[in-house]
Amino acid sequence: MTAILGLATVLMFTSLIVAFSVLATRKGKSAGSGRAGSPQISRDIPGLDQLPQAVGEAVESGRRLHIAIGSGALGGQDTSTSLAGLSAAGQIASVAVVGDRPPLITTADGASMLLAYDLLTEAHKGANASDRFDPNAARVVGLSPESYAAGALVLPKDEKLAGTVLLGAAGPEAALILDANTRAGLTTIAGVDKVATQAALFAAADHPVLGEDVFAAGAYISRRPALLASLQAQDWMRMLVIGGIALGVLAKTMGWL
Amino acid sequence: MKVSIRFRNVLLTSIAAGAGLLTLLGYFIPVPVLIAVRMQLVSWATLLAAVAVLIGAYSLVKAHVRNFMGFKAGGAYSLIAVLGFAAMVIAGIVTPVTGIPASAFLLDHVVIAGATALSALLLFVLVIAAARVLRRPISLTSVAFLVGLVISLIGLAPTLTGLPDLGFAAAAGWLAQVPAVAGGRGLLIGISLGVIATGLRVLLAIDRPYGD
């Protein structure tokens, strides 16, 4: 029964994503632009609105932007969060590579590091800046959550950072990294998946990204129609879940269940 | 040239999406063939993840060796990190051969002790961070955060005898059991949807975190 419900949810979610993507494409074509039309973003994410400023500061000051994917590993329970962090990192890197010093992507997982390396290579190629590519810009700074925090909290000094953007899976120890940045006078933007860590980061980060917005970061930054369509599907699914809960509450209250 | 690059992209995307789809189907549809394929793909992924751990360790050691050899700031700490890594590797080799529990000793007395110290430091960092929230422009969320924090801290602190009960303990309990649980569950539903959406984006090749 659980498997059937799970499959039905996945199929419904997939259908919504495909439907919104097709709608976006048709809208663009009917507008005569020949390009896919961008679906509207249903909500603002104030924490992520600070990203262009953080990237701009890094580029202008000639310092590095630190993009932290967190201590999650691909293949484990943090796979989705790490992928969402990598997606956002790719979007940020594609803009930040125009600076003198390329962005630094840190992780606690070898597989994530390899993907981050790939993303940075593509970002440099896209900006015709392959000569400035630093093979050490994608780095594992610790292999456990605690060692990751310990390795990342010295970066503001050692790497002359302009700021830190943490988007991925991390425990409360990530507050140590953000505190090190704050003491160095750097901007911090942070979004994670774990609820307890979000409470810690709400206090520790200059611009916290709360709730499930860490999963929307890639779409929100890139504004690519297909990604925005998936964001719309996510919002619709949320409404369906809320509707289902409300119906369940009503049915239970009325004695129908 | 352009054609070959596109073919490579299509091939990589198809392999990634196909493997993901087969694993997902094997999870939902308990047909022996699909289960066998899922198990095989997961075991390959585990093997690759193990290799990735080695690559991660190599990257870590390389960065610290470079720091130390280049006489960079904090190079001495990098030397300690490299020596610590070497000690753990040697302990891992020595333990099964000699029976001396060197790995467990290093883990208990160095790694866990260090991690505990860092966790203790976290307490002070969080208190300072909470105080820093006061400096931010006033918003509904920051006021709710600070009011909740103060009530919880007073309510959960040991009660002094002789002082009247102002209801902080009951308020802290209510905060933890009603609004915090409700909010937490709401966040968890959103996060679950985010997790599914991210997975589907990769499966449908809308998002490709493995490069273009």
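These figures come from a predicted structure and were not determined experimentally.

1. Remarks on the sheet that holds strand β6 (residues 207–209) of chain A
What holds strands together in a sheet is hydrogen bonding between their backbones, with the strands either parallel or antiparallel.
Residue and element names in this part refer to chain A.
No. 1: One open sheet holds the six strands; their spatial order is β3-β2-β1-β4-β5-β6, and the pairing between them is parallel. Looking at which strands have only one partner, the edges of the open sheet turn out to be β3 (138–140) and β6. Ignoring which end each strand starts from, the neighbouring axes of this sheet average 15 degrees apart.
No. 2: Across six bridges, strand β1 (residues 64–70) lies against strand β4 (residues 161–169) in parallel orientation. From the neighbouring strand, leucine 65 faces β4, where its bridge partner is glycine 163.
No. 3: Across the sheet, helix α3 (residues 51–61) touches β1, β4 and β5 (187–192), and the angle it forms with β4 is around 140 degrees.

2. Looking at the interface of chain B and chain A
No. 1: Taken together, the contact pairs 50 residues of chain B with 58 residues of chain A.
No. 2: Secondary structure elements with two or more residues in the side of chain B that touches chain A: α2 (32–69), α4 (102–132) and α7 (179–203) of chain B.
No. 3: With 16 residues, α7 of chain B is the single largest residue contributor to the side of chain B that touches chain A.
No. 4: Grouping the constituent residues of the side of chain B that touches chain A by class yields 35 nonpolar, 10 polar and five charged.

3. Some remarks on the packing of α3 of chain A against helix α4 (residues 79–96) of chain A
All names here are of chain A.
No. 1: Running from N to C, α3 and α4 point in directions that differ by 40 degrees, and their axes come no closer than 10 Å. As far as their axial angle goes, α4 and α3 are oblique. Crossing of α3 over α4 shows right-handed handedness. In this structure, α3 uses Leu51, Val55, Ala58 and Val59 to contact α4, whose residues at the interface are Ile92, Val95 and Ala96.
No. 2: Of the residues assigned to the contact of α3 with α4, the class counts are seven nonpolar, no polar and no charged.

4. Some points on the confidence of the model for chain B
Do not read the predicted coordinates in detail wherever pLDDT is low.
No. 1: Counting all residues, the mean pLDDT for chain B is 87, and 96% of those residues have values of 70 or more.
No. 2: Predicted as a complex, the structure gets a pTM of 0.87 and an ipTM equal to 0.86.

5. Considerations on α7 of chain B
No. 1: Between the first and last C-alpha of α7 of chain B there are 36 Å, a value that for 25 residues agrees with the 36 Å anticipated at 1.5 Å per step.
No. 2: Of the residues making up α7 of chain B, those classed as buried are Gly190, Ile191, Leu193, Gly194, Val195, Ile196, Ala197, Thr198, Leu200, Arg201, Val202 and Leu203 of chain B.

Here is what the cut-offs are and how they apply
Residues numbered from 1 in each chain as written. Chains lettered and ligands numbered in written order. Predicted model: local features only at pLDDT ≥ 70, side-chain atom pairs only at ≥ 80, totals over all residues. Pairing = 2+ DSSP bridges. Helix = DSSP H or I, 4+ residues; strand = E, 2+ residues; numbered from the N terminus. Axes fitted to C-alpha atoms, helices over the stretch in contact; angles between N-to-C directions. Contact = placed C-beta atoms within 7 Å. Nonpolar A, V, L, I, M, F, W, Y, C, P; charged D, E, K, R; others polar. Parallel < 35°, antiparallel > 145°, perpendicular 65-115°, else oblique. Left-handed = near helix turned anticlockwise from the far one by under 90°. pLDDT = per-residue confidence, 0-100. Expected span 1.5 Å × (residues − 1). Buried ≥ 20, exposed ≤ 12 C-beta atoms within 10 Å, placed from the backbone.

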